[in-house]
Amino acid sequence: METGIVCRARAAFLPCVSSQHSTSLVSPSSISPSFSSKSLKSSSLFGESLRIMPKASVKVSKTKNSSLVTRCEIGDSLEEFLNKATPDKGLIRLMVCMGEALRTIAFKVRTASCGGTACVNSFGDEQLAVDMLADKLLFEALTFSHYCKYACSEEVPELQDMGGPAQGGFSVAFDPLDGSSIVDTNFTVGTIFGVWPGDKLTGVTGRDQVAAAMGIYGPRTTYVLALKDIPGTHEFLLLDEGKWIHVKDTTEIGEGKMFSPGNLRATFDNPDYDKLINYYVREKYTLRYTGGMVPDVNQIIVKEKGIFTNVTSPSSKAKLRLLFEVAPLGFLIEKAGGYSSDGKQSVLDKVIVNLDDRTQVAYGSKNEIIRFEETLYGSSRLKAGGVPVGAAV
């Protein structure tokens, strides 16, 4: 029998919800007051609050050397997989809570009305109503996990105290609905989040993450996640009854002629990027680009080949945020056996100085990242002795 969070659906994908725990948000003066626990608790996104069952027990099989034996299998439920993958009960609970949030966001996206813009976030980006629903739902899920100390979102880019422990707890950064501008065209969109240990989201790197994941809302709804202590990036499929089932592992990104070129306007005054794009066209690469970062990066993991690029130029500055998007997706790609780069180093080695730090990026196979770095900067760190710089994820 599965343990942890159990939410039975009254309708497809819509959780049954009532609260057993009444943990309120703590917002000391050092933390931004912009996110109100009162408004969160008084206006649940699906009528009531998340229902949390007693914490999951973790069964850990060990060898004679007391090392954790990972017995994750295709066909496992999300909780079965996590219980096999890590002994950290707090991380298990947090990842399951986020899975419940993703399940409900999928329902909201499927039923979203996109007749106009609901509001504008602090960066001036247009924002549809479903963005705000997703944002509040994720904050609520992190609160009820009881293991999240601080959280920060692209829509609320200030630390929010979620009431969890600093020691043994986690801090989470997320983009609630990446690609919201293409919701109305019925393109695939998604959620991105990264999990850091303790109470810091600045002064850290992407390599410090203990987990990262994305929810993909398309013809199928999937939850793609990676944990620091086990190899591979793992895909879970949302079934009709609301259960996440493990359907795919990716441990190697091979070579293949498929490219997703973001920010093509930068080719106007970045001749090196223009040269790279012309190479892809000349060599007859297949163009697979949706305009959504989540589906474009996810296809590299699913197809196990290709490259995604988003390059800057003097007139086209970096838009992608290191904390909320680039570092978590870099973690997923590198755990899947691929590589990431800002042109000179893995994006996982970039120190997050400010919550709003931005960067250019490429994700893909080793040879494609070598080509990316050599074309833009004349050399590649991946060819130095044949060994990539930086510790393994």
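Structure first, text after, so check above.
Predicted model only: the values in this text are computed from it and were never measured. (Residues numbered from 1 in each chain as written. Predicted model: local features only at pLDDT ≥ 70, side-chain atom pairs only at ≥ 80, totals over all residues. Heavy atoms only, no water.)

S.K.: For this particular structure, what's the right way to read the packing of aromatic side chains?
M.R.: Pairs of aromatic rings are described using the distance from one ring centre to the other and the angle between the two planes. Inspection of every chain in the model, using the stated rule, returns 10 aromatic pairs. On the numbers, 5.1 Å between centres and 70 degrees between planes, the contact of Phe 139 with Phe 174 is edge-to-face. Of this pair, Phe 139 sits in helix 4 (residues 129–145) while Phe 174 sits in strand 7 (residues 170–178); the two residues are 35 residues apart in sequence, bridging distant segments of the chain. With relative accessibility at 0%, the residue Phe 139 sits in the buried group. A centroid spacing of 5.0 Å and a plane angle of 40 degrees characterise the contact between Tyr 280 and Tyr 285, whose relative ring orientation is tilted. Pairwise contacts between aromatic rings join Phe 259, Tyr 279, Tyr 280 and Tyr 285 into one cluster. (Phe/Tyr/Trp six-rings, centres within 6.5 Å; stacked < 30°, edge-to-face > 60°. Helix = DSSP H or I, 4+ residues; strand = E, 2+ residues; numbered from the N terminus. Buried < 20%, exposed > 50% of the residue type's maximum accessible area, 1.4 Å probe, protein only.)

S.K.: Would you explain the pairing of strand 8 (residues 189–197) in this entry?
M.R.: Side-chain positions along a regular strand alternate between the two faces of the sheet. Of all nine residues in strand 8, eight are buried; the element is thus mostly enclosed. In this structure, strand 7 lies alongside strand 8, joined through seven bridges in antiparallel fashion. Bridge pairing in strand 8 links Asp 175 to Ile 192. By the bridge criterion, seven bridges tie strand 8 to strand 10 (residues 211–217) in an arrangement that is antiparallel. From the neighbouring strand, Thr 191 faces strand 10, where its bridge partner is Gly 215. (Pairing = 2+ DSSP bridges.)

S.K.: Quick question: what am I supposed to make of the sheet that holds strand 12 (residues 233–238) here?
M.R.: On the basis of which strands lie adjacent, the open sheet formed by eight strands has the order 6-5-7-8-10-11-12-13 and mixed pairing. Looking at which strands have only one partner, the edges of the open sheet turn out to be strand 6 (160–161) and strand 13 (244–250). In this structure, strand 12 lies alongside strand 13, joined through six bridges in antiparallel fashion. Bridge pairing links Glu 235 to Lys 248 in strand 13. Running over the sheet, helix 4 touches strand 5 (148–153), strand 6, strand 7 and strand 8 and is turned about 160 degrees from strand 7. (Contact = heavy atoms within 4.5 Å. Axes fitted to C-alpha atoms, helices over the stretch in contact; angles between N-to-C directions.)

S.K.: Help me out: how do you make sense of unusual backbone geometry in this one?
M.R.: A negative phi angle characterises most non-glycine residues, just as the trans form characterises most peptide bonds. At His 146, a residue that is not glycine, the phi angle is positive and equals roughly 65 degrees. Tracing the backbone shows His 146 in the loop between helix 4 and strand 5. Within the chain, Asn 263 stands out as a residue other than glycine whose phi angle is a positive 50 degrees. The residue Asn 263 is located in the loop between strand 14 (258–262) and helix 5 (271–282) in this model.

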